[in-house]
Structure formats: C-alpha cells, structure tokens
Amino acid sequence: MLGDKRTDYISWDEYFMGVAMLSGMRSKDPHTQVGACIVSEDNKILSMGYNGFPKGCSDDEFPWAREGEPLNNKYFYTTHSELNAILNYRGGSLEGAKLYVTLFPCNECAKAIIQAGIKTIVYGDDKYEHTPSVLASKRMLDAAGVRYYRYTKTGREITISL
C-alpha cells in the first residue's frame, strides 16, 4: 500500500452547502443573504447565484428596504439566489440536477426549479415554512416529484483566510 487516505475530508453535502453559503456572502442585501449552488448528478458544480438586483440595476440606486411603498422596497427588484443560479447557467439542460440553497425556495423559485428540471433540493433554513409562499412551494414541488431535504449540520468549522 502507498499509505492511508485522509478520513476527515468534507462530504459532498458539506462541500456544496459551503459553496452556497459562500455565494450568499456576495449578496448586498442588509437583511437576508441567500446563496445557491446547482450540481450535476455526478457532483460537478454547474452554476451558483445569490440574491440581488439584476445586471445593470445599481445596488446604490435601487431600494434595499423591506417596508414601505412597493416601488420603494426591494421586493419588486431583487432576484432570488435560486433563480439567479438557474439564469446564470450557460450549459445545456439542468435536468436531474441538485440545488443547494441556504433558505427554502419561495413559490416563484419553485416554479423555475421545476421548469428547469432540477430534481433535488438541499436547503439550509426553512424559517418561512408556515408562510403561504413556502406552503405553495412545497405543494408544487411535491406534485412535480422534486425531492427536498434539510441539510444536516455537522458542526464542522471551516476557516478561510483571504
């Protein structure tokens, strides 16, 4: 034998959820930072995304507020991480892919996930689980046969110095 391999390497779920978490750190949203990572069936990263404004829409000129008049808060303008990851993909089909996302997808993102052919969602947090948006999302995902499960935290701490 040439030697024993390491046994303390990170799992695929740790790796891809870590990439999703790191992607979320790109978000300039002062309230909620969400990241997503789409992976092929053979564990290759296909695309990533985070929540923010569309290309060409300045982070300094559009509102980040959560309250107020609809045209003066972020909700009409921001693109969620899941949709950004789908739209950022420049390859062929996402059929059969897996999506890692730090927050359970809303109903609008669920539609895009289903239409893109993504078959599995691994999510980090489900803090809006009782809202109509997430209830509708789960209803559509269930009907379309998209499997989803919560990421199981391992407690492993990873430090990166840049």
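Use the structure listed above.
Before going into details, it helps to say that this report is about the structure given with it. Worth saying up front: this structure is predicted, and the values here are computed from it rather than measured.

So, how was this worked out
- Residues numbered from 1 in each chain as written.
- Predicted model: local features only at pLDDT ≥ 70, side-chain atom pairs only at ≥ 80, totals over all residues.
- Heavy atoms only, no water.
- Helix = DSSP H or I, 4+ residues; strand = E, 2+ residues; numbered from the N terminus.
- Rg over C-alpha atoms; globule rule 2.2 N^0.38 Å.
- Buried < 20%, exposed > 50% of the residue type's maximum accessible area, 1.4 Å probe, protein only.
- Contact = heavy atoms within 4.5 Å.
- Expected span 1.5 Å × (residues − 1).
- Axes fitted to C-alpha atoms, helices over the stretch in contact; angles between N-to-C directions.
- Parallel < 35°, antiparallel > 145°, perpendicular 65-115°, else oblique.
- Left-handed = near helix turned anticlockwise from the far one by under 90°.
- Core = buried A, V, L, I, M, F, W, Y, C linked by side-chain atoms within 4.5 Å.
- Pairing = 2+ DSSP bridges.

## Some remarks on the overall build of the protein chain
So, step 1. On a plain count of helices and strands, the protein chain comes out with 4 helices and 5 strands.
So, step 2. Sequence-ordered secondary structure for the protein chain, helices as α and strands as β, is α-β-β-α-β-α-β-α-β.
So, step 3. The C-alpha atoms of the protein chain give 17 Å as radius of gyration, which agrees with the globular expectation for 162 residues (15 Å, within 12%).
So, step 4. Dimensions of the protein chain, computed from C-alpha atoms along their principal axes, come out at roughly 70 × 40 × 35 Å.
So, step 5. For the protein chain, the residues scored as buried account for 39% of the 162 residues in total.
So, step 6. Contacts in the protein chain between residues at least 24 apart in sequence constitute 61% of all its contacts with a sequence separation of at least 6.

## Thoughts on helix H1 (residues 12-24)
So, step 1. Compared with the 18 Å implied by 1.5 Å per residue over 13 residues, the 18 Å span of H1 between its first and last C-alpha is a close match.
So, step 2. Those residues of H1 not exposed but buried are Glu 14, Phe 16, Met 17, Val 19, Ala 20, Ser 23 and Gly 24.

## Side note on the packing of helix H3 (residues 107-116) against helix H4 (residues 132-144)
So, step 1. One way to put it is that H3 packs onto H4 with a least axis distance of 8 Å and a crossing angle of 20°. One way to sum up the angle between H3 and H4 is to call them roughly parallel. Pair H3 / H4 crosses with right-handed handedness. Contacts between H3 and H4 involve Asn 107, Ala 110, Lys 111, Ile 113 and Ile 114 on the former and, on the latter, Ser 133, Ala 136, Ser 137, Met 140, Leu 141 and Ala 144.

## With respect to the nonpolar core
So, step 1. In this structure, Ile 38, Ile 86, Leu 94, Leu 99, Ile 118 and Ile 121 are the most contacted members of the largest nonpolar core, which totals 22 residues.
So, step 2. Listing elements by their share of this core, those giving two or more residues are strand E1 (35-39), helix H2 (81-88), strand E3 (98-103), H3, strand E4 (120-125) and H4.
So, step 3. With 4 residues, H3 is the largest single contributor of residues to this core.
So, step 4. With residues up to four places along the chain from it excluded, the contact list for Leu 99 reads Ala 36, Cys 37, Ile 38, Glu 82, Ile 113, Ile 118, Thr 120, Ile 121 and Val 122.
So, step 5. Within the second largest apolar cluster, 9 residues are counted, among which are Met 17, Val 39, Tyr 100 and Val 122.

## Quick word on H2
So, step 1. By the burial criterion, the buried members of H2 are Ser 81, Glu 82, Asn 84, Ala 85 and Ile 86.
So, step 2. Packed against the buried residues of H2 are E1, strand E2 (45-50), E3 and H3.

## Concerning the sheet that holds E3
So, step 1. Across the sheet, 5 strands lie side by side as E2-E1-E3-E4-E5; this open sheet has mixed pairing. In this open sheet, the two strands that pair with only one neighbour each are E2 and strand E5 (147-150). In this sheet, adjacent strand axes meet at a mean angle of 15° when their direction is disregarded.
So, step 2. Bridging between E4 and E5 involves 4 bridges; their strand directions are parallel. Opposite Ile 121, over in E5, you have Tyr 148 as the bridge partner.
So, step 3. On top of the sheet, H1 reaches E1, E2, E3, E4 and E5; it is set at about 55° to E3, its chief contact.

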